[in-house]
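What the coordinates show
Here are the chains, one letter per residue:
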Amino acid sequence: MLPRFHLADISTVLHFLGVLVLITGALMFVPLLVALVAGETAQAVAFVFGIGVSLFSGALLYLFRARKLDRRRSLLLVGMGWVVAGLIASVPMYISGDFDNYVAALFDAVSALTTTGASLATDVDHVGYAQTTWRAVLTLVGGQAVILVAMHLGFFGEGGNITVANKTGVRDERTYRLKDTVKFIVLVGAFFLVIGTVGVCIICLTLGMSLPDSVMTGFWLITNALSTSGFTPHSSSLVYYHSAALDAFLLIFMLAGALNFAIFGYALRGKLRPMFRNSETRTFAIWLLLLVVFVSFALSRDQVFSSATGLFVNGTFMTISAATTSGMCTIYPQQFGITISESVIIILEVAMLVGACSHSTGGGIKVLRIMQVLRWIVYSIRVRLMPR
């Protein structure tokens with residue numbers, strides 16, 4: 001049965017949507033600063049206008065009376081939050097002139113928030129610093145929000161600390177655990193972001209890029225790798241850089257973004273045994289190994305790459321990029337369907353459909369759900385074959 005929402009529910013949700021809109025407007029100061037430093041006057045005007053729209057609409061929504069945000073209202077807030085955040089985030093994108101119409105700008109904003117990675121920009125290679133940074137910020141925020149929402153609703157898997165509270169001391173206990181979780185996610189995300197940005201920056205400097213370009217490229221690529229999104233500053237994806245070191249470095253962060261976030265909690269507490277005994281993590285590792293073997297065999301049969309090194313590097317990266325739903329490529333997109341056979345494409349599509357681990361920034365059905373379905377099938381067979 002669908003829940004019934006009353007006027008008090010709508011008022012509460014609109015109030016917190018106002019908070020979300022104000023937060024979205026505050027995030028626009030990051031690309032605004034980048035636009036001012038880079039001398040992109042037109043982009044700076046676009047973000048100033050976007051901030052104005054956010055502050056005005058967010059303040060109006062904030063005036064609605066708020067009551068307790070229970071589970072039912074949280075579900076409504078989450079559902080409407082993606083839509084409202086996308087509508088507000090797309091305002092500076094549309095004004096920038098990088099999109100043919102508002103629908104295309106809205107598509108990119110929602111794609112970034114949901115870490116999808118698809119883009120309708122007219123010319124990705126010539127999008128400015130500010131707009132590329134804004135897309136990266138939306139990707140980072142969207143990827144982390146998925147984890148927070150899942151944990152807040154009590155659906156965290158193995159290793160989770162958020163549970164359905166008891167009748168006594170409910171609010172304080174849940175609030176304490178949620179705050180602790182938010183701090184943990186922010187710290188881990190910031191650690192990966194800083195380390196990754198510095199690493200990519202060093203690699204880009206060795207490739208001959210300038211320091212400002214290296215820093216910005218490091219932020220853009222690591223943000224999208226950690227959030228398992230396929231956004232890159234160039235339409236040719238990672239082929240533009242022609243760097244095996246960069247590909248390998250980003251591969252580590254794509255895998256980190258595809259793992260259950262509870263794994264990092266175990267690691268920080270020095271508990272390594274639960275990390276390796278986690279059934280979902282082990283299943284995901286075996287699944288990746290099988291995918292790499294199948295893809296490498298298909299590529300070697302079709303003789304796509306002339307060397308064993310190119311076969312292993314590109315095949316492994318292609319497979320893990322698909323399995324983590326990152327979407328970054330080390331080959332030209334035009335090669336799919338031409339030099340890359342249909343069998344490889346089907347394997348990669350299956351990998352994207354299954355997806356990454358639960359409560360990660362990766363998409364797909366999730367490995368944990370696939371495991372539960374397989375366990376149910378095995379159990380059903382055993383019940384029918386074995387005597388009572």
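Only a predicted model underlies this, so the values are computations on that prediction, with no experimental measurement involved.

With that settled, consider the overall build of the protein. Per the secondary structure count, the protein includes 15 helices and 0 strands. In the protein, once contacts between residues fewer than 6 apart in sequence are set aside, the share between residues at least 24 apart is 72%.

Scanning all chains against the criterion turns up 9 aromatic pairs. Three or more aromatic residues joined by ring pairs form one cluster here, namely F191, F192, F249, F253, F261 and F264.

Turning to helix α10 (residues 261–268), a few remarks are in order. Each turn of an α-helix holds 3.6 residues, which means side chains three or four residues apart point in the same direction. The buried count for α10 comes to 6 of 8 residues, which makes it a mostly enclosed element. F261, A262, I263, F264, G265 and Y266 are the residues of α10 that are buried. G270 sits one or two positions beyond α10 and adopts a positive phi of about 80°.

We now examine the packing of helix α1 (residues 7–27) against helix α3 (residues 41–62). With their axes 7 Å apart at the nearest point, α1 and α3 run at an angle of 160° to one another. Classified by the angle their axes make, α1 and α3 are roughly antiparallel. When you trace α1 past α3, the crossing you get is left-handed. Residues L14, H15, L17, G18, V19, V21, L22 and G25 of α1 form the contact with α3, whose own contacting residues are I51, S54, L55, S57, G58, A59, L61 and Y62. Here the contact of α1 with α3 is composed, by residue class, of 10 nonpolar, 6 polar and no charged.

Our next topic: unusual backbone geometry. Even without a glycine there, the phi angle at T228 is positive, about 50°. By the element assignment, T228 lies in the loop between α8 (211–226) and α9 (244–258). Judged by relative accessible area, which is 0%, T228 ranks as buried. Despite not being glycine, H242 has its phi angle at roughly 50°, a positive value. Locating H242 in the fold gives a position in the loop between α8 and α9.

On to the pattern of salt bridges. If you walk through the whole model with that rule in mind, you get 2 salt bridges. R73 serves as the salt-bridge partner of D9, at 2.5 Å between the closest nitrogen and oxygen. Pair noted here: D9 is in helix α1 and R73 is in helix α4 (residues 71–95), with a separation of 64 residues, a long-range link. We note a salt bridge from R135 to D108, for which the minimum N-O separation is 3.4 Å.

Another point: the nonpolar core. W134, L250 and V344 are the most contacted members of the largest nonpolar core, which has 84 residues in total. Apart from residues no more than four positions distant in its own chain, W134 is found in contact with T24, L27, M28, P31, F47, A89, P92 and M93.

What follows concerns the environment of A258. Following the sequence through the fold, A258 ends up in helix α9. The sequence separation of A258 and H359 amounts to 101 residues, and the corresponding C-alpha distance is 8.6 Å. The contact partners of A258, leaving out residues within four places of it in the chain, are T228, F284, T324, A356, C357 and S360.

With that out of the way, let us pick up the side chain of T24. Along the polypeptide, T24 turns up in helix α1. When its relative accessible area of 6% is taken as the criterion, T24 is described as buried. A polar contact of 2.9 Å, which involves the side chain of T24, links it to the backbone oxygen of L20. Other than its neighbours up to four places away in sequence, T24 contacts A85, I88, A89 and W134.

What counts and how
- Residues numbered from 1 in each chain as written.
- Predicted model: local features only at pLDDT ≥ 70, side-chain atom pairs only at ≥ 80, totals over all residues.
- Heavy atoms only, no water.
- Helix = DSSP H or I, 4+ residues; strand = E, 2+ residues; numbered from the N terminus.
- Contact = heavy atoms within 4.5 Å.
- Phe/Tyr/Trp six-rings, centres within 6.5 Å; stacked < 30°, edge-to-face > 60°.
- Buried < 20%, exposed > 50% of the residue type's maximum accessible area, 1.4 Å probe, protein only.
- Axes fitted to C-alpha atoms, helices over the stretch in contact; angles between N-to-C directions.
- Parallel < 35°, antiparallel > 145°, perpendicular 65-115°, else oblique.
- Left-handed = near helix turned anticlockwise from the far one by under 90°.
- Nonpolar A, V, L, I, M, F, W, Y, C, P; charged D, E, K, R; others polar.
- Salt bridge = Lys/Arg side-chain N within 4 Å of Asp/Glu carboxyl O.
- Core = buried A, V, L, I, M, F, W, Y, C linked by side-chain atoms within 4.5 Å.
- Polar contact = N/O pair within 3.5 Å; in protein donor to acceptor, adjacent residues only side chain to side chain.

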